Amino acid sequence: MTLRNTPCSDHRPYSSRTLKKSPLALLLLLALLFAGEAFGAQTVRKDAFITQLFQARGLAAPAGEKDMVRAALELDLIPVPEGRLDAPITMKEAIVFAVHSLGLASVADVLSGAPLPFRDIGRLKPLERGYLAAALNMNPPLLRKGVTSFGPSKKLTPKEARNIAAIVRAARKGLSLSVKYSPMKGMTVQVNREGVHDRPPKWRAAVNGFDSREEAEFFRDALAEKGVEGTVDSQNFDWRVRSALSETYGPIRGFLAACESLGRNGVVFASPASWDTQGAPRFWVMVILDPARFDIRPVFAPEGLYALAPLSSMTTGAAAAVNGGYFSISGKERGAPIGAVIERGVMVNPPYKGRTILGWNGKNQAAFGQMDWRAEVHFPGGGFMDVTGLNRTVKGDGVILFTRHFGECTPVFSGPVVEAVLDGDTCVEVRREGGNPIPPGKRVLAVYGTPARFAESVTPGDRVRIVQTVNGGDPYWTSMTNAVQGGPFLVRKGVLSMETENLNDSIVNKRHPRSVIGLTEKGQWFFFVGDGRNAVHSVGFTLAETAEILKKNGVSYALNLDGGGSSTLYAGGRIMNVLSDGRERPVSYGVGAFPKGGK
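Residues numbered from 1 in each chain as written. Predicted model: local features only at pLDDT ≥ 70, side-chain atom pairs only at ≥ 80, totals over all residues. Heavy atoms only, no water.

**A word on the overall build of the protein**
Phase 1 of the analysis: On a plain count of helices and strands, the protein comes out with 13 helices and 33 strands.
Phase 2 of the analysis: Each principal axis of the C-alpha atoms in the protein carries an extent, and together these give about 125 × 55 × 50 Å.
Phase 3 of the analysis: Each of the 599 residues in the protein was classed as buried or not, and the buried ones make up 51%.
Phase 4 of the analysis: With an accessible surface of roughly 28,100 Å², the protein has 51% of that area assigned to carbon and sulfur atoms. (Helix = DSSP H or I, 4+ residues; strand = E, 2+ residues; numbered from the N terminus. Buried < 20%, exposed > 50% of the residue type's maximum accessible area, 1.4 Å probe, protein only. Areas by Shrake-Rupley, 256 points an atom, 1.4 Å probe, with all protein chains shown as cover.)

In structure tokens form, the structure reads like this:
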């Protein structure tokens, strides 16, 4: 070892002659040399740690790749490292890399608001805190519980590096993660993840949200000028530009960077060889709500019942929300609910035959089952008509009852029409054409086509009664002031209840994202979402798997809602699950939890 001359107070270099005269100086120098060597031996280079991590994950490097750092990046086992690769790796970096290598990056994002015991992490970013929460709550654990110091800037020792690699290696055989915390009084969030992907997926990236093919093609051409290939296609009336399918993550990273340079953020999709691989990752999150502290009711798109919108746009004032039941799609961000929706005593959409309905009221009473709904309008003098529809457009004859849920105005109609604006049972205005405002707090009875002549005599001040009957006047069902319809019924009185309700085999038996609403054995509400369609994060759930999870977690009643790309769970001001479309899919309605008393 070559020794550098060390300056001292008399500016003379140490020499063997000097050291012979000073035994104390000799001992001091030897101690300094030993400490220097020990320091060098007690740190681990960043690239050396990544190599250990790659080997612990047990995945084959891409063909022809011998550099383990590049191999890890090509398989998205680590985020892009910051700084020099030959620098010592810190504890924070090591934990982030290890958690990421197990496919828990998305879980870390979900857990970014979870509580942590460490007192020295005040300068960490929310996502970094999420990585720590994942490391602390996974089994086998990467971090020990019961300590209050993490040491994010501490240099990792070889022993610590070996321990982390050993834990990652063990996690390949059986990873589980469970976190339960309370972000506010009366609300509990439960996050669960099991399994690890055991082989690299295939990746694709896409940029969504173009209004026309021309706009998407313009963006594709701009990517081509940067040397990046893209293909234009459409999904649910939405135009997008997608990358080619890739065996490695490097081209995806390049596609995303090129899109970002053009002002657009892309999303990534990961597909496995099979969605049914044993031990594949599965993730779910549940929000449990105390009915003494929250009112539960349907929520709607701001533009009305025939608009589709992201769930987050419907959540004003809500502490939590989940997407609702099935809906039709008639155009870009246009559609309507399929099945019954009742909101605060108002029938918003009629029931659909053959699917389960969940009804509830302010006394925390609930009803599950089928619903039959009938409505009649009774005119002065004893005449009456059947109401043929709720909050919908018609092309011919019809008697339609509109509430403000439909939107701000009634639809335009080219034929004969009589509109009676009702305040309770009293007609306050009569109109002879469509396309008029629906006053807040009032209803509009619209009679279209041939039957309109029977309503010609109605005048302001007349009593016009709307008589609605649910399940033949059943008093219990009639007391339900809110309701949503989905299907099938998954759990009844704590027992699995798997009737397919004429849903197709894919919906019932294939793995997809799932959304569920119901009641626990303690009488608390819950919103549940299980993620899917992602080989690294969560492959999804069959309905039977979903029902089994709910039963094991204390659920007494559970109704399946719309799933797939619609599955969205909102809590604490953010989306709590990983969206299978890469962004919020516009939905028809949701169910929200609102703090009682505005607290």
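Here the narrative resumes.
**A few points about the nonpolar core**
Phase 1 of the analysis: One finds F49, I95 and F527 to be the most contacted residues of the largest nonpolar core, which totals 91 residues.
Phase 2 of the analysis: Residue contributions to this core peak at 7 residues, all from helix α5 (residues 91-101).
Phase 3 of the analysis: For I95, the residues in contact, after removing those within four places along its chain, are Y131, L132, A135, L142, L143, F150 and I164.
Phase 4 of the analysis: With 30 residues, the next largest nonpolar core counts I357, V387, V399 and A455 among its residues. (Core = buried A, V, L, I, M, F, W, Y, C linked by side-chain atoms within 4.5 Å. Contact = heavy atoms within 4.5 Å.)

**Here we look at the confidence of the model for the protein**
Phase 1 of the analysis: Summary statistics for the protein give a mean pLDDT of 92 and a share of 93% for residues scoring 70 or more.
Phase 2 of the analysis: A low-confidence stretch, residues 1-39 (pLDDT under 50), is modelled with 12 contacts involving residues beyond four sequence positions or located in other chains. (pLDDT = per-residue confidence, 0-100.)

**Quick word on the packing of helix α3 (residues 46-57) against α5**
Phase 1 of the analysis: The contact between α3 and α5 brings their axes to 11 Å, and the two run at 25°. Comparing their axes, α5 and α3 come out roughly parallel. Where α3 crosses over α5, the handedness of that crossing is right-handed. Taking contact as the criterion, the partners of K46, F49, I50, L53 and R57 in α3 are, on α5, E93, A94, F97, A98 and S101.
Phase 2 of the analysis: Its residues assigned to classes, the contact of α3 with α5 comprises 6 nonpolar, 1 polar and 3 charged. (Axes fitted to C-alpha atoms, helices over the stretch in contact; angles between N-to-C directions. Parallel < 35°, antiparallel > 145°, perpendicular 65-115°, else oblique. Left-handed = near helix turned anticlockwise from the far one by under 90°. Nonpolar A, V, L, I, M, F, W, Y, C, P; charged D, E, K, R; others polar.)

**Thoughts on helix α7 (residues 126-137)**
Phase 1 of the analysis: For α7, which comprises 12 residues, the first-to-last C-alpha distance of 17 Å matches the rise-based estimate of 16 Å (1.5 Å per residue) to within 8%.
Phase 2 of the analysis: Along α7, 9 of the 12 residues are buried, which leaves the element largely enclosed by surrounding structure.
Phase 3 of the analysis: Looking at the buried positions of α7, the neighbouring elements they touch are α5, α6 (105-110), β1 (138-139) and β2 (176-184). (Expected span 1.5 Å × (residues − 1).)

**Topic: the sheet that holds strand β20 (residues 398-402)**
Phase 1 of the analysis: With mixed pairing, 5 strands are arranged side by side in an open sheet as β19-β20-β23-β21-β22. Either end of the sheet is taken by a strand with one partner, and the two such strands are β19 (389-390) and β22 (426-431).
Phase 2 of the analysis: Here strand β21 (residues 417-423) runs beside β22; their pairing, made up of 5 bridges, is antiparallel. In the strand pairing of β22, E419 is matched with R431. (Pairing = 2+ DSSP bridges.)

**Considerations on the sheet that holds β2**
Phase 1 of the analysis: Strands sit in the order β1-β2-β3-β8-β29-β28-β30-β26-β27 across an open sheet of 9 strands; the sheet is antiparallel. In this open sheet, the two strands that pair with only one neighbour each are β1 and β27 (495-496).
Phase 2 of the analysis: Two strands pair when backbone bridges link them, and strand β26 (residues 489-492) and β27 are joined in this way by 2 bridges, in the antiparallel orientation. Pairing of R492 across the sheet is with V495, part of β27.
Phase 3 of the analysis: Against the sheet, helix α13 (residues 543-552) makes contact with β8 (282-289), β26, β27, β28 (514-520), β29 (525-530) and β30 (555-560), and its axis sits at roughly 25° relative to β26, the strand it touches most.

**Quick look at helix α9 (residues 213-225)**
Phase 1 of the analysis: Here α9 is 13 residues long and its end C-alpha atoms lie 19 Å apart, about the 18 Å a rise of 1.5 Å per residue gives.
Phase 2 of the analysis: What α9 keeps buried is the set A216, F219, A222 and L223. An end-on view of α9 places all buried positions within 120° of arc, on one side of the element. Across α9 from its buried face, at more than 90 degrees, point the exposed residues E214, F218 and E225.
Phase 3 of the analysis: Packed against the buried residues of α9 are β4 (202-210), β5 (231-235), β6 (238-242) and α10 (250-261).
Phase 4 of the analysis: Taken from the residues just after α9, G227 is the one with a positive phi, measuring 80°. (Arc of directions from axis to C-beta.)

**What about the packing of aromatic side chains?**
To describe a pair of aromatic rings, one takes the distance between the centres and the angle between the planes.
Phase 1 of the analysis: Under the counting rule described, the total for this entry stands at 11 aromatic pairs.
Phase 2 of the analysis: When the centroid spacing of 5.4 Å and the interplanar angle of 75° are considered together, the rings of W203 and Y249 count as edge-to-face. Residue W203 is found in strand β4, and its partner Y249 is found in the loop between β6 and α10; the two are separated by 46 residues along the sequence.
Phase 3 of the analysis: Residue classification places W203 among the buried residues on the basis of a relative accessible area of 2%.
Phase 4 of the analysis: Their ring planes at 70° and their centres at 5.0 Å tell us that F402 and F406 sit as a pair that is edge-to-face.
Phase 5 of the analysis: The exposure class of F402 is buried, given its relative accessible area of 0%.
Phase 6 of the analysis: The rings of Y306, F402 and F406 are connected pair by pair, giving a single aromatic cluster.
Phase 7 of the analysis: Positioned above the aromatic ring of F594, the side-chain terminus of R297 is 3.7 Å from the ring centre. (Phe/Tyr/Trp six-rings, centres within 6.5 Å; stacked < 30°, edge-to-face > 60°. Lys NZ or Arg CZ within 6 Å of the ring centre and 35° of its normal.)

**Focus: the pattern of salt bridges**
Phase 1 of the analysis: According to the stated counting rule, one finds 27 salt bridges in the structure shown.
Phase 2 of the analysis: Here D86 and R84 are joined by a salt bridge, their closest N and O atoms 2.6 Å apart.
Phase 3 of the analysis: On the basis of relative accessible area, D86 is assigned to the partly exposed category, the value being 32%.
Phase 4 of the analysis: A salt bridge links E419 to R431; the shortest N-O distance between them is 3.1 Å. Highlighted residues: E419 in strand β21 and R431 in strand β22, separated in sequence by 12 residues. R431 matches E419 in its accessibility class, with the two residues each being buried.
Phase 5 of the analysis: Each of the salt bridges in this network shares a partner with another, and the network as a whole consists of D276, R282, R511 and E545. (Salt bridge = Lys/Arg side-chain N within 4 Å of Asp/Glu carboxyl O.)

**So, unusual backbone geometry**
Phase 1 of the analysis: A cis amide bond links N139 to the next residue, P140, at an omega of 5°.
Phase 2 of the analysis: Among the secondary structure elements, P140 is positioned in the loop between β1 and α8 (158-171).
Phase 3 of the analysis: For the peptide bond that leads from G487 to P488, omega is 0°, which places it in the cis range.
Phase 4 of the analysis: Topologically, P488 is positioned in the loop between β25 (482-485) and β26.
Phase 5 of the analysis: A positive phi angle, near 65°, is found at N502, a position not held by glycine.
Phase 6 of the analysis: Residue position: N502 is located in the loop between β27 and α12 (505-509).
Phase 7 of the analysis: Of the residues examined, N502 reaches a relative accessible area of 73% and is grouped as exposed.

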